[in-house]
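Structure at a glance
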Amino acid sequence: MAERLLCPSMMCANYGHLADEVRALDNAGVDIFHCDIMDGTFVPNFTMGVMDVQTIRKYTDKLVDCHLMIENPASKVDWFIKAGANIIYIHPESERYVVKTLAHIKEMGAYAGIAVNPDTSVASISEILNLCDYVLVMTVNPGFAGQGFIDFTRKKVQQLITLKKEYGFKVMIDGHCSPEVIEDLSNLGADGFILGSSALFRKGRTYEELIRELKGELA
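Everything in this summary refers to the structure shown in the same document.

About the criteria used
Residues numbered from 1 in each chain as written. Predicted model: local features only at pLDDT ≥ 70, side-chain atom pairs only at ≥ 80, totals over all residues. Heavy atoms only, no water. Pairing = 2+ DSSP bridges. Helix = DSSP H or I, 4+ residues; strand = E, 2+ residues; numbered from the N terminus. Axes fitted to C-alpha atoms, helices over the stretch in contact; angles between N-to-C directions. Parallel < 35°, antiparallel > 145°, perpendicular 65-115°, else oblique. Left-handed = near helix turned anticlockwise from the far one by under 90°. Contact = heavy atoms within 4.5 Å. Nonpolar A, V, L, I, M, F, W, Y, C, P; charged D, E, K, R; others polar.

Quick word on the sheet that holds strand S4 (residues 87–90)
One open sheet accounts for eight strands, arranged S1-S8-S7-S6-S5-S4-S3-S2; its pairing is parallel. At either end of the open sheet lies a strand with only one pairing partner, and these are strand S1 (5–8) and strand S2 (32–38). Pairs of neighbouring strands in the sheet enclose a mean axial angle of 25°, with direction left out of account.

Given below as structure tokens:
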């Protein structure tokens, strides 16, 4: 089984001690720091911004991604790459020129990603998969943490795992990534998981212990 990429969702972190959180997660062995950027328009919530990404970048050498849940992401891509993001995800529904924007992300030296909502079909994005380094499958509706896993998205994950063999992108899962979901979808061939309150940001256990367990090191 390939190594699981474990990616803490930093909107769930303790913002009163963000630098300490980043250091602790880095030392625990996470792979990618996941930053949810919401504008209150494309999704009904506001979350992180450029300064948050800059702070996270300052305290880790690991990859940092930005999931742009915003209208017209092309106008903001450069902001987040310059702030230190290595991976940029955009939603096809929010961007008029998806191909142009994905190409620009690559031209800026970052990895290009597409985010797929529960109600977005694989067929509708099939022609742009050749431009994607990462595909982020939303297994909940975007906008809020703490939602339940939408069961029918598992079929979409299976479809994309089949397609990744042709295109070479990584399949990432975002939404209620509990230990059980991680085990199931990892066995199918998913590459990485966004970790929120279902698996990582919970009281009583250290990040190091939880990450080792989720990677299968404590089995």
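Moving on from the coordinates now.
Points about the packing of helix H1 (residues 18–28) against helix H7 (residues 207–214)
Where H1 contacts H7, the two axes come as close as 8 Å, and the packing angle between them is 40°. As summarised for this structure, H1 and H7 are arranged oblique, according to the angle between their axes. When you trace H1 past H7, the crossing you get is right-handed. Taking contact as the criterion, the partners of Glu21, Ala24, Leu25 and Ala28 in H1 are, on H7, Tyr207, Glu208 and Ile211. Within the contact of H1 with H7, the residues separate by chemical class into five nonpolar, no polar and two charged.

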